[in-house]
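Architecture and fold: a report
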Amino acid sequence: MKRIDSSAPREPVSAADLSGMTGETVTLHGMVQRIRRLGWGAFIVLRRHDGMVQCVMGSEKNEEVLESLSEEQAVRVTGTVKEARIKDASIHPRDAELGVESLEIIHRPAERAPVDLTKKLLDLHIDTNLDLRPLSLRHPLERARLRVASVLGELFSDFLRRSGFTEIHTPKICSAGAEGGANIFSVDYFGEKAFLAQSPQFYKQMGVAVWERVFEVGPVFRAEPHQTTRHINEYTSLDFEMGFIDGQEDVMQLEAAFLRWAFPRLEEVCAYELELLGADVPEIPDSIPCLTLAEAHAMAGDELDRDFSGEPDLEPAEERALCSRLEEETGSGFVFVTHFPSEKRPFYAMDDPDDPGLTLSFDLLFRGLEVTTGGQRIHDYAAQVEKMERFGLDPGDFAGYLQAHRFGLPPHGGLAIGLERLAARLLQLDNIRLTTMFPRDVKRLTP
């Protein structure tokens, strides 16, 4: 009988390890990213799990191997680690290279790639980029963008665990939508009509009475027919909900603390990717500007010479104008906007007792784009039923959700951050599809 060793598996040599292994012999595996042939041999760059390592291979006794070598082959190389001073920002580590002693081709692609991945910039139309996504993602810049987004998600989880939150995993097939409206995907569920989750909102609120502080990182689905650079129909939502709050300011303060904690760590963990992308990670100030929607409309109106008063939401032009002006005045690329009209926010948003037409809710704008929506929720059963009825909803359709209110909830609130939006604005990309591995929008269901 075969037995599998349960001790620690052999880990691949990391980029950081290579930097301190000068003179040692190592064996690495990777995909051939590019080859530069010279009279004496070749420079071979391997794409690995945490970077790009440069290998130097002489042609003496290796000419046959070099002649058969091409991009996107899977290879295993053995050689001696040497000091190097490599100026190419795509190479990581740049202070070490491998003097190749042997190279084994493990697998050859069936055909050559239709895109030149050796170029510094792919320079593809975004539709071509997305059509060829399994290939285009192999380019160093594309890979770096998704790595930054991945680490942002990891830091969100890490920060919240340190802050006493419990991670939850909520259903993505639901009997009702959390946000209401028609922007919801329906599915056949064994003969019953069900929906893809617009948000984990209901379950987060239920979790507050169980663990007080809960979070989730997961997909959400919106059937919005928008074909813009800021909308996709499936995205990753960074959600948390917290109990025993005094007001929505507690939620906003926790998000500000997360950003202030996370960004320096992102710069450390993703130093290679951020340098490669030329990204400017902002320093989070001691405080973030906060305006009511009415104040935001007035300020944006002054900047754009337009009257936005009475509008239930911010227009994209307003978001850009607000962030630009406040970054110039205060040094913050972030702006909180609060007190959106009740009809613009979901039925679970708590109304402002001092102005019932407005809600205790907020958006966070970052470099001209809304990246977060949050606020205080209704925790009282009678108040929640009344607002549902006011919205024309049947509370009976939400019986499971209302159990949480009926049997007692503390005052609570939370938020949802769009991971792709946050990463895109951090990297100053105009299209959030570039921080999405395989985007889904109104015209794209493959690959």
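The following refers to the structure shown. (Residues numbered from 1 in each chain as written. Predicted model: local features only at pLDDT ≥ 70, side-chain atom pairs only at ≥ 80, totals over all residues. Heavy atoms only, no water.)

**Observations concerning helix α11 (residues 381-390)**
Burial in α11 covers these residues: Q384, V385, K387 and M388. For α11, the angular spread of the buried residues around the axis is 165°, confining them to a single face. Every exposed residue of α11 that faces more than 90 degrees away from the buried side is listed here: A382 and E389. Among the structural elements, β14 (351-352), β15 (355-359) and α12 (399-406) are those in contact with the buried residues of α11. (Buried < 20%, exposed > 50% of the residue type's maximum accessible area, 1.4 Å probe, protein only. Helix = DSSP H or I, 4+ residues; strand = E, 2+ residues; numbered from the N terminus. Arc of directions from axis to C-beta. Contact = heavy atoms within 4.5 Å.)

**Regarding the sheet that holds strand β7 (residues 173-174)**
Strand pairing in a sheet takes place through backbone hydrogen bonds and is either antiparallel or parallel in direction. Taken in spatial order, the three strands make up an open sheet running β7-β9-β8, and their pairing is antiparallel. Because the sheet does not close on itself, it has two edges, and the strands there are β7 and β8 (186-189). Two strands pair when backbone bridges link them, and β7 and strand β9 (residues 192-196) are joined in this way by two bridges, in the antiparallel orientation. By the bridge assignment, I173 is partnered in β9 with L196. (Pairing = 2+ DSSP bridges.)

**Observations concerning helix α10 (residues 316-330)**
Owing to its 3.6 residues per turn, the α-helix brings residues three or four apart onto one side. The first and last C-alpha atoms of α10 sit 21 Å apart over 15 residues, in line with the 21 Å expected at 1.5 Å per residue. Every buried residue of α10 is listed here: E318, E319, A321, L322, C323 and L326. In this fold, the buried residues of α10 make contact with β12 (290-292), α9 (293-304), β13 (334-338), β16 (361-366) and β17 (369-376). Positive backbone phi, approximately 85°, marks G331, located one or two places after α10. (Expected span 1.5 Å × (residues − 1).)

**A look at the packing of aromatic side chains**
Within this structure, the stated rule accounts for 17 aromatic pairs. Relative to W261, the ring of F159 has its centre 5.6 Å away and its plane inclined at 50°; by these criteria the two rings are tilted. Within this pair, whereas F159 is found in helix α5 (residues 140-162), its partner W261 is found in helix α7 (residues 248-269), the two being separated by 102 residues in sequence. An identical accessibility class is assigned to F159 and W261; each is buried. By way of ring pairs, the aromatic residues F156, F159, F215, F258 and W261 are connected into one cluster. Taking NZ or CZ as reference, R345 lies 3.9 Å from the ring centre of F340, over its face. (Phe/Tyr/Trp six-rings, centres within 6.5 Å; stacked < 30°, edge-to-face > 60°. Lys NZ or Arg CZ within 6 Å of the ring centre and 35° of its normal.)

**Description of the packing of α5 against α7**
The contact between α5 and α7 brings their axes to 9 Å, and the two run at 130°. Relative to α7, the element α5 lies oblique. Here α5 runs over α7; the crossing is right-handed. Note on element contacts: α7 touches α5 through L254, A257, F258, W261, A262, F263, R265, L266 and V269, opposite R147, V148, V151, L152, L155, F156, D158, F159, L160 and R162. For the contact of α5 with α7, a count of residues per class yields 15 nonpolar, no polar and four charged. (Axes fitted to C-alpha atoms, helices over the stretch in contact; angles between N-to-C directions. Parallel < 35°, antiparallel > 145°, perpendicular 65-115°, else oblique. Left-handed = near helix turned anticlockwise from the far one by under 90°. Nonpolar A, V, L, I, M, F, W, Y, C, P; charged D, E, K, R; others polar.)

**Remarks on empty space enclosed by the protein**
Counted by the stated rule, this structure contains one cavity of 30 Å³ or more. Estimated volume of the largest cavity: approximately 30 Å³. Lining the largest cavity, in full, are A15, L18, R48, D50, G51, M52, V53, H92 and P93. Every element with two or more residues in the lining of the largest cavity is listed here: α1 (15-19) and β3 (51-58). Among the elements that make up the lining of the largest cavity, the one with the highest residue count is β3 (three residues). Considering only residue class, the lining of the largest cavity consists of five nonpolar, two polar and two charged. (1 Å grid on protein atoms, 1.4 Å probe; cavity = no way out; pocket = protein on both sides within 12 Å on 5 of 7 lines; lining within 4 Å. Points joined across faces, edges and corners; volume = space filled by probe spheres on them.)

**Side note on the sheet that holds β12**
Taken in spatial order, the eight strands of this open sheet run β6-β10-β11-β18-β17-β16-β13-β12, and their pairing is mixed. Edge positions in the open sheet fall to β6 (166-167) and β12, since each of these has one partner strand only. Taken together, the two bridges between β6 and strand β10 (residues 213-221) define a ladder with parallel strand orientation. From the neighbouring strand, E167 faces β10, where its bridge partner is F215.

**Quick word on the side chain of R377**
Within the secondary structure, R377 sits in the loop between β17 and α11. The exposure class of R377 is buried, given its relative accessible area of 5%. Separated by 3.2 Å, the side chains of R377 and Q201 make a polar contact. Aside from chain neighbours lying at most four places away, what touches R377 is Q201, K204, Q205, E241, Y348, M350, H412, G413, G414 and L415. (Polar contact = N/O pair within 3.5 Å; in protein donor to acceptor, adjacent residues only side chain to side chain.)

**Quick notes on the packing of α11 against α12**
For the pair α11 and α12, the least separation of the axes is 8 Å and the interaxial angle reads 145°. Two secondary-structure elements touch here, α11 through Y381, Q384, V385 and M388 and α12 through Y401, L402, H405 and R406. Its residues assigned to classes, the contact of α11 with α12 shows five nonpolar, two polar and one charged.

**Considering the pattern of salt bridges**
The tally for this structure, following the rule as stated, stands at 32 salt bridges. With its nearest N and O atoms 3.3 Å apart, the salt bridge here joins E216 to K172. Here E216, found in strand β10, pairs with K172, found in the loop between β6 and β7; they are 44 residues apart in sequence, far enough to count as distant. We note a salt bridge from R230 to E319, for which the minimum N-O separation is 3.0 Å. Highlighted residues: R230 in the loop between β10 and β11 (234-243) and E319 in helix α10, separated in sequence by 89 residues. (Salt bridge = Lys/Arg side-chain N within 4 Å of Asp/Glu carboxyl O.)

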